[in-house]
Structures are given as structure tokens and as C-alpha cells.
Amino acid sequence: MKLKYVGESFGIDSLTDGKIYDAEIENDGMYRVVDDSGEDYLYSKDNPAPLDGSSIGGRWEIIEE
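Since the model is a prediction, treat every value here as computed from it, not as a measurement.

### Considerations on the layout of surface pockets
Its volume calculated, the largest pocket comes out at about 200 Å³. Around the largest pocket, the lining residues are F10, S14, M30, Y41, L42, Y43, S44, N47, P48, A49, P50 and L51. Ranked by the residues each element gives to the lining of the largest pocket, the list is headed by strand 4 (residues 40-44), at four residues. Of the residues in the lining of the largest pocket, the class split is nine nonpolar, three polar and no charged.

Structure below.
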């Protein structure tokens, strides 16, 4: 699937506002997203944000299922 991240960009290799990412649905309320690092990581479906609280994060828009 393809997801668009809308929100505050965070990290050099994490998520960028307005960028579209490849993702897969995980069973535990998470998306597995290939982020700016080129690696896949788990991000919340509701409020993707860094775990250290350095950003308020944002939300996902589904572009393609």
C-alpha cells in the first residue's frame, strides 16, 4: 500500500511532510513503513511520531490500498 505522511517532519531519516511511502499493515495497530532511511520501521496508524517525543508527529492519508 502507499501512505502519505501529513504532519511535522522529523528526523533526518524518518518521515517528511507530504511524502508518499510504501507500507504494509501490521496486526497491532501499526504500519510497517519504508521511511526516509530506506529501511522499514513500525509507525502508529493513528499518530506516527518519534518515540522520544521530539515531534508531535502527524497522520496518514491512504493513497493506494
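From this point, the narrative continues.
### A closer look at the environment of M30
In this fold, M30 is placed in strand 3 (residues 30-34). A relative accessible area of 22% means that M30 is categorised as partly exposed. The sequence separation of M30 and P48 amounts to 18 residues, and the corresponding C-alpha distance is 9.0 Å. Residues contacting M30, with those up to four places away along its chain left out, are E24, I25, L42, Y43, S44 and K45.

### Section: the nonpolar core
Judged by nonpolar contacts, L3, Y5, F10, L15, Y21, A23, Y31, V33, Y43 and W60 together constitute the single largest core of ten residues. Of all the elements in the fold, those that place two or more residues in this core are strand 1 (2-7), strand 2 (20-25) and strand 3. For Y21, the residues in contact, after removing those within four places along its chain, are M1, K2, L3, Y5, S14, L15, T16, V33, V34, D35, D36 and W60.

### Here we look at the confidence of the model for the chain
The pLDDT averaged across the chain works out to 94; a share of 100% of its residues lies at or above 70. At the low end of the mean pLDDT range in the chain sits strand 4, at 95; at the high end sits strand 1, at 98.

Each value, and the rule that gives it
- Residues numbered from 1 in each chain as written.
- Predicted model: local features only at pLDDT ≥ 70, side-chain atom pairs only at ≥ 80, totals over all residues.
- Heavy atoms only, no water.
- 1 Å grid on protein atoms, 1.4 Å probe; cavity = no way out; pocket = protein on both sides within 12 Å on 5 of 7 lines; lining within 4 Å.
- Points joined across faces, edges and corners; volume = space filled by probe spheres on them.
- Helix = DSSP H or I, 4+ residues; strand = E, 2+ residues; numbered from the N terminus.
- Nonpolar A, V, L, I, M, F, W, Y, C, P; charged D, E, K, R; others polar.
- Buried < 20%, exposed > 50% of the residue type's maximum accessible area, 1.4 Å probe, protein only.
- Contact = heavy atoms within 4.5 Å.
- Core = buried A, V, L, I, M, F, W, Y, C linked by side-chain atoms within 4.5 Å.
- pLDDT = per-residue confidence, 0-100.

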